[in-house]
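Listed below, chain by chain, are the residues.
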Amino acid sequence: MKACVVVFPGSNCDRDVQVALSNVIGGPVEMVWHGDSEMAATDLIVLPGGFSYGDYLRSGAMSARSPVMREIIARAERGVAVLGICNGFQVLTEAGLLPGALLPNAGLKFVCRDVRVRVENSQTPFTNSYEQGQVLSIPVAHHDGQYFAEPHTLDAMRTGDQIAFRYDDDNPNGSLDDIAGIFNQRKTVLGLMPHPERAADALHGGTDGRGLLQSLVAALA
Amino acid sequence: MKARVHVSFKNGVLDPQGKAIGLTLANLGFAGVGDVRQGKLIELELAESDAGAARKSVEEMCEKLLANTVIENYAIELEDD
């Protein structure tokens, strides 16, 4: 399985996710600079966490218009798997690859702690190694994680099983319907606020996030 | 020509900063302040001198970058130099 991690100016979880993915895949994971307009063939594109462009204007707004995003949007439309973590999730909504938007946390504070998240759909390339309804402990670290969507968008996502993860009685940011992560309609794009790459090794203090990466290997390898 | 773009959260979108400003105003003794919403002001200098063309171009900028129309409204003001 081939995977690449996109690096924006201000990304800071790019290497963490590269290491975590590489350990699960058992091979190298390529880094792609945001200014590149070409990218080698790949099975998985990861948009990492961080504060790309200093969150100027809106979190993810500038990165979503980076040269490399045109190529990523084209590949996502062809069905290539795309995973956006934290700032990567913000970029995916700004780019229109996922519905809705991420607003500043309701409590206006940066939240950095482990949260309990529930797997809401385990029948996808991103979640097949989890049980339906399984509760995971994964860290969050964000200021703009309050998911918002219009009522008709939320209804469509519920009907289409597009809600990937919900906070399990542990909502750190006031997100709509306790949403922690969502899929596109085809379940080929996932965006989530929690950081699975920070719970992927026993030394991290937990390994609940590793299943997400293992699911991708099982589905795409 | 100059353009001023006002970007604000749509009704129904929680604006915690606006809420905090409202509470602080009340704490300072300003009575009778209702809902407070905080927005952004973006000022642009444009080479275009035709108002119609300038507005059209700024609208496109708003749709493509300056506002996220899922959560935000925008209003454009034009001013001759």
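Preceding this paragraph is the structure being described.
My aim in this report is to walk through the structure given alongside it, one point at a time. (Residues numbered from 1 in each chain as written. Chains lettered and ligands numbered in written order. Predicted model: local features only at pLDDT ≥ 70, side-chain atom pairs only at ≥ 80, totals over all residues. Heavy atoms only, no water.)

### Here we look at the overall build of chain B
Consideration 1: In terms of regular secondary structure, chain B is built from two helices and three strands.
Consideration 2: Secondary structure elements of chain B occur, N-terminal to C-terminal, as β-α-β-α-β.
Consideration 3: Dimensions of chain B along its principal axes, counting C-alpha atoms only, are 45 × 30 × 15 Å.
Consideration 4: Across the 81 residues in chain B, those meeting the buried criterion constitute 28%.
Consideration 5: Counting only contacts in chain B whose residues sit at least 6 apart along the sequence, the fraction spanning at least 24 positions is 72%.
Consideration 6: For chain B, the exposed surface amounts to about 5200 Å²; the carbon and sulfur share of it is 52%.
Consideration 7: If you average the places of the 9 positive and of the 14 negative side-chain charges in chain B, the two averages end up 7 Å apart. (Helix = DSSP H or I, 4+ residues; strand = E, 2+ residues; numbered from the N terminus. Buried < 20%, exposed > 50% of the residue type's maximum accessible area, 1.4 Å probe, protein only. Contact = heavy atoms within 4.5 Å. Areas by Shrake-Rupley, 256 points an atom, 1.4 Å probe, with all protein chains shown as cover. Lys, Arg positive; Asp, Glu negative; His and termini not counted. Charge placed at Lys NZ, Arg CZ, Asp CG, Glu CD.)

### Focus on the sheet that holds strand 1 (residues 3-7) of chain A
Residue and element names in this part refer to chain A.
Consideration 1: Read across the sheet, nine strands follow the order 2-1-3-4-11-10-9-6-7 without closing on themselves; strand pairing throughout is mixed. Since the sheet does not close on itself, it has two edges, and those belong to strand 2 (30-33) and strand 7 (135-142), each with one partner. Across this sheet, the average inter-strand angle for adjacent strands is 25°, counted without regard to direction.
Consideration 2: Each of strand 1, strand 2, strand 3 (44-47) and strand 4 (81-85) touches helix 1 (residues 14-25); the most contacted strand, strand 1, lies at about 175° to it. (Pairing = 2+ DSSP bridges. Axes fitted to C-alpha atoms, helices over the stretch in contact; angles between N-to-C directions.)

### Regarding the nonpolar core
Consideration 1: Counting 64 residues, the largest nonpolar core has A:Ile45, A:Leu47, A:Ile72, A:Leu83, A:Phe165, A:Leu190 and A:Leu212 as its most contacted members.
Consideration 2: Tallying contributions element by element places helix 1 of chain A first for this core, with five residues.
Consideration 3: Not counting residues within four places of it along the chain, the set of residues in contact with A:Ile45 comprises A:Cys4, A:Val6, A:Met39, A:Ile72, A:Arg75, A:Val80, A:Ala81, A:Val82 and A:Leu83.
Consideration 4: B:Met1, B:Val7, B:Leu46 and B:Val58 belong to the second-largest nonpolar core, a separate cluster that totals 13 residues. (Core = buried A, V, L, I, M, F, W, Y, C linked by side-chain atoms within 4.5 Å.)

### Quick word on a nonpolar patch on the surface
Residues and elements named next belong to chain B.
Consideration 1: On the surface, Leu28, Phe30 and Val33 cluster together into a nonpolar patch covering about 320 Å² of accessible area.
Consideration 2: Mapped onto the secondary structure, Val33 falls in the loop between helix 1 (16-27) and strand 2 (40-45).
Consideration 3: For Val33, a relative accessible area of 43% puts it in the partly exposed group. (Patch = residues over 30% accessible without salt bridge, like charges linked within 9 Å, V, L, I, M, F, W, Y side chains within 5 Å. Salt bridge = Lys/Arg side-chain N within 4 Å of Asp/Glu carboxyl O.)

### Quick word on the interface of chain A and chain B
Consideration 1: Every contact between the two is made by 16 residues of chain A and, on the other side, 18 residues of chain B.
Consideration 2: For the pairing of chain A and chain B, the buried interface totals around 1300 Å² over both sides, and the portion due to carbon and sulfur atoms is 67%.
Consideration 3: At the junction of chain A with chain B, the criterion picks out two salt bridges.
Consideration 4: Note that B:Glu72 and A:Arg58 form a salt bridge whose closest N and O atoms lie 3.6 Å from each other.
Consideration 5: Our count for the chain A to chain B interface comes out at five residue pairs in polar contact (both at pLDDT 80 or more).
Consideration 6: Listed by contribution, the elements that provide at least two residues to the side of chain A that touches chain B are strand 5 (101-103) and strand 8 (146-148) of chain A.
Consideration 7: When the residues that make up the side of chain A that touches chain B are grouped by side-chain class, the tally is nine nonpolar, three polar and four charged. (Buried area = accessible area lost by both parts, 1.4 Å probe. Polar contact = N/O pair within 3.5 Å; in protein donor to acceptor, adjacent residues only side chain to side chain. Nonpolar A, V, L, I, M, F, W, Y, C, P; charged D, E, K, R; others polar.)

### As for the environment of B:Val13
Consideration 1: Inspection of the secondary structure assignment puts B:Val13 in the loop between strand 1 (2-9) and helix 1.
Consideration 2: Taking the C-alpha atoms as reference points, B:Val13 and B:Glu72, 59 residues apart in sequence, are found 8.5 Å from one another.
Consideration 3: For B:Val13, the residues in contact, after removing those within four places along its chain, are A:Leu103, A:Phe148, B:Arg37 and B:Ile71.

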